[in-house]
Amino acid sequence: MVTRERPTLEAVARRAGVSRATVSRVVNGSTTVAVEIRDAVKLAVEELGYVPNQAARSLVTQRTESIALILPETANRVFSDDLFFPAIIRGVSMELDAADKQLVLMMAGSTASHDRVERYAMAGHVDGVMFASMHGSDPLPGTLSRLGIPVVCSGRPMTRTDHPVPYVDVDHIGGVVQAVRHLLAAGRRRIATIAGPPDMIAGVDRLTGYRTTLTEAGLSEHVAVGDFTRDSGMRAMHRLLAEDPDLDAVFAASDMMAHGALQALKDAGRRVPDDVAVIGFDDFEISRYSDPPLTTVRQPIVDMGRTMAKQMLGLVHGQPDVATSVVLPTQLVVRESA
């Protein structure tokens with residue numbers, strides 16, 4: 001079997017009638033080469049089937065053309081039925097694909113995997129790092145940023161740091177206020193919440209929105225905590241009913257927990273919305289087809305991913321003004337459950 005040799009930069013230079021350095025500049029995207037010479041080089045590249053050596057190219061450009069998206073979750077969590085993760089990944093991928101960048105997806109749901117991600121990023125294998133689904137006051141984003149690695153986060157940081165990084169978030173509090181006021185306007189007065197994890201800004205802010213609105217209305221709180229999964233929503237709803245069987249509404253801080261609540265209410269013989277109204281947060285596609293269809297607060301998850309990627313590309317290309325922190329709006333979507 002005859003092995004065809006891979007075309008070299010020198011072969012392209014001979015075919016185009018220019019120097020090796022000129023070919024290198026064209027291949028690496030330089031705009032300082034005359035148009036007719038650039039066209040000649042591109043034609044030679046096409047005729048010979050030349051493919052740039054990415055390792056050598058990285059030495060010249062000091063870029064890998066790869067961006068990491070870090071999810072501080074286990075694989076079981078990321079590849080579950082929670083549609084947040086595919087939506088955020090889809091948004092990021094859309095922007096990186098358009099910019100001809102490679103997405104590197106990494107999970108860091110344990111101490112060992114967290115340390116491995118840190119070593120990988122610090123070794124220069126990627127041009128920047130995005131974080132989504134952050135828990136607690138993880139020091140890694142600030143650490144990487146201090147080392148000069150571009151960093152963008154999904155969600156406002158839990159605590160203030162000496163080296164803040166740009167982030168993309170949504171108006172959690174405003175969305176929940178809309179939801180609870182909708183329940184109040186419908187005459188509901190024993191309104192519970194299934195809150196999200198207290199180590200995530202989404203969980204904290206959505207609980208704040210619930211508490212603020214109930215305080216304004218002079219009503220008592222009924223709080224159970226879940227972890228944004230369907231099973232945790234089901235368990236929390238059973239607990240709330242055991243504590244107060246006369247509840248007439250529940251706001252769940254995620255659609256998945258709301259779906260669990262719907263199942264728990266069905267198991268308990270409660271009619272939705274006649275006996276208990278239910279509102280979620282996310283507006284996943286499946287919420288249109290729940291029984292009954294779920295009233296929920298829509299957050300633009302795909303747009304969050306796209307905005308994160310745009311911020312990252314701005315940082316990588318030396319445009320820090322593009323990477324200012326952004327808070328996207330939310331919207332109440334009314335369906336039959338409330």
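For the structure, see preceding data.
Reading the values: the criteria
Residues numbered from 1 in each chain as written. Predicted model: local features only at pLDDT ≥ 70, side-chain atom pairs only at ≥ 80, totals over all residues. Heavy atoms only, no water. Helix = DSSP H or I, 4+ residues; strand = E, 2+ residues; numbered from the N terminus. Rg over C-alpha atoms; globule rule 2.2 N^0.38 Å. Buried < 20%, exposed > 50% of the residue type's maximum accessible area, 1.4 Å probe, protein only. Contact = heavy atoms within 4.5 Å. Core = buried A, V, L, I, M, F, W, Y, C linked by side-chain atoms within 4.5 Å. Pairing = 2+ DSSP bridges. Axes fitted to C-alpha atoms, helices over the stretch in contact; angles between N-to-C directions. 1 Å grid on protein atoms, 1.4 Å probe; cavity = no way out; pocket = protein on both sides within 12 Å on 5 of 7 lines; lining within 4 Å. Points joined across faces, edges and corners; volume = space filled by probe spheres on them.

**Side note on the overall build of the chain**
Across its full length, the chain holds 13 helices and 12 strands. Rg of the C-alpha trace for the chain: 25 Å, well past the compact-globule value of 20 Å for 338 residues, more than 25% over. Projected onto the principal axes, the alpha-carbon positions of the chain cover approximately 85 × 45 × 35 Å. When the 338 residues of the chain are sorted by exposure, 51% land in the buried category. Long-range pairs, those at least 24 residues apart, make up 70% of the contacts in the chain with a sequence separation of at least 6.

**Regarding the nonpolar core**
Counting 41 residues, the largest nonpolar core has Ile 191, Ile 194, Met 237, Leu 240, Val 250 and Val 278 as the members making the most contacts within it. At the level of elements, α9 (172-185), β6 (191-195), α10 (201-217), α11 (230-243), β8 (249-252), α12 (255-267) and β9 (277-282) are the ones that each hand at least two residues to this core. The leading source of residues in this core is α12, at six residues. With residues up to four places along the chain from it excluded, the contact list for Met 237 reads Ile 194, Leu 247, Val 250, Ala 261, Ala 264 and Leu 265. Val 92, Val 152, Met 256 and Met 312 belong to the second largest nonpolar core, which has 27 residues in total.

**Brief notes about unusual backbone geometry**
A cis amide bond links Val 272 to the next residue, Pro 273, at an omega of 5°. Residue placement: Pro 273 occurs in the loop between α12 and β9. Cis rather than trans, the peptide bond between Asp 291 and Pro 292 has omega equal to 0°. Its location among the elements puts Pro 292 in the loop between β9 and β10 (295-298). Unlike most non-glycine residues, Asp 100 shows phi in positive territory, near 60°. The backbone of Phe 228 shows a phi angle near 75°, a positive value even though the residue is not glycine. Along the chain, the position of Phe 228 falls in the loop between β7 (223-225) and α11.

**Let's talk about the sheet that holds strand β4 (residues 151-154)**
Strand order in the open sheet formed by six strands is β2-β1-β3-β4-β5-β11, and the pairing between neighbours is parallel. In this open sheet, the two edge strands, each paired with only one partner strand, are β2 (102-107) and β11 (326-328). Taking each pair of neighbouring strands and ignoring which way they run, the sheet shows an average axis angle of 20°. Here strand β1 (residues 66-71) pairs with β2 via six bridges, running parallel.

**Here's the deal with the environment of Ala 268**
Along the polypeptide, Ala 268 turns up in the loop between α12 and β9. Accessibility expressed as a relative area gives 33% for Ala 268, which makes it partly exposed.

**Section: the layout of surface pockets**
Roughly 690 Å³ of volume is contained in the largest pocket. As for the largest pocket, its lining consists of 43 residues, of which Ser 133, Met 134, His 135, Ser 154 and Ile 201 are closest to the centre. When residues of the lining of the largest pocket are traced back to their parent elements, those giving at least two are α6 (84-98), α8 (140-146), β4 and α10.

**Observations regarding the sheet that holds strand β12 (residues 331-333)**
Ordered in space as β7-β6-β8-β9-β10-β12, the six strands form an open sheet in which the pairing is mixed. Edge positions in the sheet fall to β7 and β12, since each of these pairs with one other strand and no more. On average, each strand axis in the sheet is tilted by 20° relative to the strand beside it, whichever way the strands run. Bridging between β9 and β10 involves four bridges; their strand directions are parallel. Bridged to Asp 282 within β10 is Arg 298. Helix-sheet contacts for α10 involve β6, β7, β8 and β9, and the interaxial angle to β6 is about 165°. In the packing of α12 onto the sheet, contacts are made with β6, β8, β9 and β10, and the angle to β9 comes to roughly 160°.

**Re the environment of Val 327**
Tracing the chain through its elements places Val 327 in strand β11. Residue Val 327 is classed as exposed on the basis of its relative accessible area, which comes to 52%. Taking C-alpha positions, Val 327 is 26 Å from Gly 109, a pair spaced 218 residues apart along the chain. Filtering out sequence-adjacent residues up to four positions away, Val 327 remains in contact with Tyr 167, Asp 169, Val 170 and Asp 171.

What is shown is where atoms sit, not what they do.
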